[in-house]
Amino acid sequence: MGNRKFLAGADIGGTSLSVVLATPRGRILARAKGLTPPPQEDPAAVLDVLENLLRQCADKAGCSLEDMSGLGVGVPGAVARDRGVVTRAVNLGWREVPLVTLLESRHRVPVTLANDVQVAIEGEHRFGAAQGARQAVGIWVGTGIGGGLIQQGRLHTGASGAAGEIGHMVVASTSEPCGCGRIGCVEALASRTAVERHIRALMAAGRTSAIPRLLAEKGRTRITAGIIRKALLEGDAVAQEAMAEAQIHLGTLVTNILNLLDPEVVVIGGGLVQKLGESFVAPVRERARAACLRGWKSDEGPRIVPSLLGDDAGPLGAAALAHAPAARKR
């Protein structure tokens with residue numbers, strides 16, 4: 001493969017880093033995944049892992065990194081896209097990191113930077129569940145909750161690049177303190193972290209659950225999305241109660257989004273959705289459609305659907321942004 005025919009996309013997460021090489025039409029040529037180094041101010045260790053994964057992908061695809069025409073990167077934090085700077089990424093330990101400059105000096109190709117959920121909704125818009133929509137919203141439910149917006153068919157990042165921070169929309173008057181320090185954020189009530197905290201509180205109060213046994217069988221201490229799925233399949237009442245509570249708050253979030261933005265489609269992704277699929281999304285959809293101002297019935301109104309691309313949404317969306325120079329300026 002020659003003449004710079006492929007694009008690269010990277011999704012840098014707090015625990016893992018995913019890379020794809022893809023064609024401009026979204027055909028994935030190769031994938032690679034690695035662990036993100038522990039949080040530290042100097043991004044060099046992360047950039048070394050990224051470079052290694054890019055080379056692994058190039059080897060798998062039978063091409064050279066010299067054939068790369070652009071690199072898109074999503075990071076879990078606040079981004080100043082006009083400056084190519086990660087202004088703050090708590091899970092990486094970064095503040096004011098000039099990521100675009102650092103990567104362009106290494107790889108000698110144009111680099112496009114965005115928030116991790118912004119690139120995920122871009123991937124779903126180009127190639128997945130929101131394909132063809134002019135107005136779309138993405139909600140990713142994981143350790144936290146993040147969002148991304150498509151407006152008039154293009155990624156919308158807002159005046160400062162922070163549009164889509166829907167995890168910090170307030171949906172209740174009480175909650176455990178959110179990681180941002182505020183009370184009532186949907187992230188503190190409906191993320192996988194919040195579900196785990198709710199489960200542990202119910203067990204501490206004396207409720208019987210299958211989760212301790214499932215954790216012991218897996219040799220784990222953290223209640224992952226996979227553990228929650230197994231508990232739900234067993235009909236575990238504690239897992240069911242914690243999940244139902246999270247879905248109520250997500251339904252409120254989606255109601256507010258429908259009332260404010262009137263999107264054609266809301267895509268819900270993240271670890272819990274990958275494990276639970278439609279069974280996770282259906283109660284959220286039902287509550288949102290019933291509660292929003294227009295009161296849509298089940299057979300009409302906006303689509304509220306699970307992600308189609310799963311783990312590929314972020315890196316594939318990042319690669320897509322690398323192919324659209326005009327989008328970098330929005």
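The structure we're discussing is the one just above.
Everything quoted here is computed from the prediction, not taken from an experiment.

A.B. asks: Would you mind going over the overall build of the protein with me for this structure?
C.D. replies: If you tally the helices and strands in the protein, you get 11 helices and 13 strands. In terms of C-alpha radius of gyration, the protein reaches 20 Å, essentially the compact-globule figure of 20 Å for 330 residues. Principal-axis analysis of the C-alpha atoms places the extent of the protein at approximately 60 × 45 × 35 Å. Buried positions account for 53% of the 330 residues belonging to the protein. Of the contacts made within the protein by residues no fewer than 6 positions apart, 63% connect residues no fewer than 24 positions apart. Counting every atom, the protein has about 14,600 Å² of accessible surface; 49% of that belongs to carbon and sulfur. Positive and negative side-chain charges in the protein, numbering 38 and 31 respectively, have mean positions lying 3 Å apart.

A.B. asks: In this structure, what is going on with the pattern of salt bridges? I would like to understand it.
C.D. replies: Close approach of charged atoms allows side chains with opposite charge to pair. For the coordinates displayed, the defined rule picks out 13 salt bridges. A salt bridge links Lys33 to Asp311, with the shortest nitrogen-to-oxygen separation between them at 3.7 Å. Taken together, the residues Lys33 in strand β3 (residues 28-35) and Asp311 in the loop between β13 (303-306) and α11 (313-322) connect sequence positions 278 residues apart. One connected set of salt bridges, linked through shared partners, spans Asp48, Glu51, Arg55 and Arg106.

A.B. asks: Mind showing me how you'd approach the sheet that holds strand β6 (residues 85-89) here?
C.D. replies: Either a parallel or an antiparallel arrangement is found when strands of a sheet pair, and the pairing is made through backbone hydrogen bonds. Pairing is antiparallel across the open sheet formed by three strands, whose spatial order is β5-β6-β7. At either end of the open sheet lies a strand with only one pairing partner, and these are β5 (78-80) and β7 (94-97). Strand-to-strand, the axes of this sheet are offset by a mean angle of 15°, without reference to chain direction. Taken together, the three bridges between β5 and β6 define a ladder with antiparallel strand orientation.

A.B. asks: Help me out: how do you make sense of the pairing of β6 in this one?
C.D. replies: Consecutive side chains along a regular strand alternate between the two faces of the sheet. Between the end of β5 and the start of β6, which pair antiparallel, lie four residues, with Gly84 showing a positive phi angle near 70°. Where β6 folds back onto β7 in an antiparallel hairpin, the turn is made up of four residues, including Gly93, whose phi is positive at roughly 80°.

A.B. asks: For this particular structure, what's the right way to read α11?
C.D. replies: One turn of the α-helix equals 3.6 residues, which is why residues spaced by three or four share an orientation. Across the 10 residues that make up α11, a large majority, 10, are buried. Here α11 has its buried residues at Ala313, Gly314, Pro315, Leu316, Gly317, Ala318, Ala319, Ala320, Leu321 and Ala322.

A.B. asks: Would you take a moment to explain the pairing of strand β10 (residues 145-151) for this structure?
C.D. replies: Burial analysis of β10 places six of its seven residues in the buried class, the great majority of the element. Here strand β9 (residues 136-141) pairs with β10 via six bridges, running antiparallel. Looking across to β10, one finds that Val137 is bridged to Leu149. Between β9 and β10, which pair antiparallel in sequence order, lie three residues. Bridge count for β10 against strand β11 (residues 154-156) is three bridges, and the pairing is antiparallel. Looking at β11, one finds that Gln151 is bridged to Arg154.

A.B. asks: Which parts of the structure should I look at to understand the nonpolar core?
C.D. replies: Considering soluble globular proteins, one finds that nonpolar side chains tend to be buried as a cluster. Formed by 43 residues in total, the largest nonpolar core has its most connected members in Ile139, Leu250, Ile268 and Phe280. Among all residues touching Ile139, those that are not within four sequence positions of it are Ile145, Gly146, Ile166, Leu253, Val254, Ile257, Val266, Val267, Ile268 and Gly269. In this structure, Phe6, Ala30, Leu47 and Val73 belong to the second largest nonpolar core, which totals 34 residues.

Cut-offs applied
- Residue numbering note: each chain is counted from 1, following its sequence as written.
- It should be noted that, the model being predicted, local features are given only for residues of pLDDT at least 70 and side-chain atom pairs only at 80 or more, the latter also being counted only at that level, while totals for whole chains, interfaces and linings use all residues.
- No hydrogens and no water enter the side-chain calculation; it runs on all heavy atoms of the structure.
- Only DSSP runs of H or I covering at least 4 residues are called helices, and only runs of E covering at least 2 are called strands; the numbering of each starts at the N terminus.
- Each radius of gyration reported is based on C-alpha atoms, and the globular scaling rule is 2.2 Å times the count of residues to the power 0.38.
- Buried residues are those whose accessible area, probed at 1.4 Å on protein chains only, stays under 20% of the maximum for their type, while exposed residues exceed 50% and partly exposed ones sit between those limits.
- We call two residues in contact when some of their heavy atoms are within 4.5 Å.
- All accessibility values rest on the Shrake-Rupley procedure with a 1.4 Å probe; residue burial counts only the protein chains present in the view.
- Charge assignment in this entry is limited to Lys and Arg as positive and Asp and Glu as negative, and neither His nor the chain termini are counted.
- Every charge is mapped onto a representative atom, which is NZ of Lys, CZ of Arg, CG of Asp or CD of Glu.
- Between Lys or Arg on one side and Asp or Glu on the other, a salt bridge is scored when a side-chain nitrogen of the former is within 4 Å of a carboxyl oxygen of the latter.
- Two strands qualify as a pair provided DSSP detects at least 2 bridges between them.
- Between the N-to-C directions of two axes lies an angle of 0 to 180 degrees, each axis being a line fitted to C-alpha atoms and, for a helix, fitted only over the stretch in contact.
- Grouping buried Ala, Val, Leu, Ile, Met, Phe, Trp, Tyr and Cys residues that are joined through side-chain atoms within 4.5 Å yields what is termed a nonpolar core.

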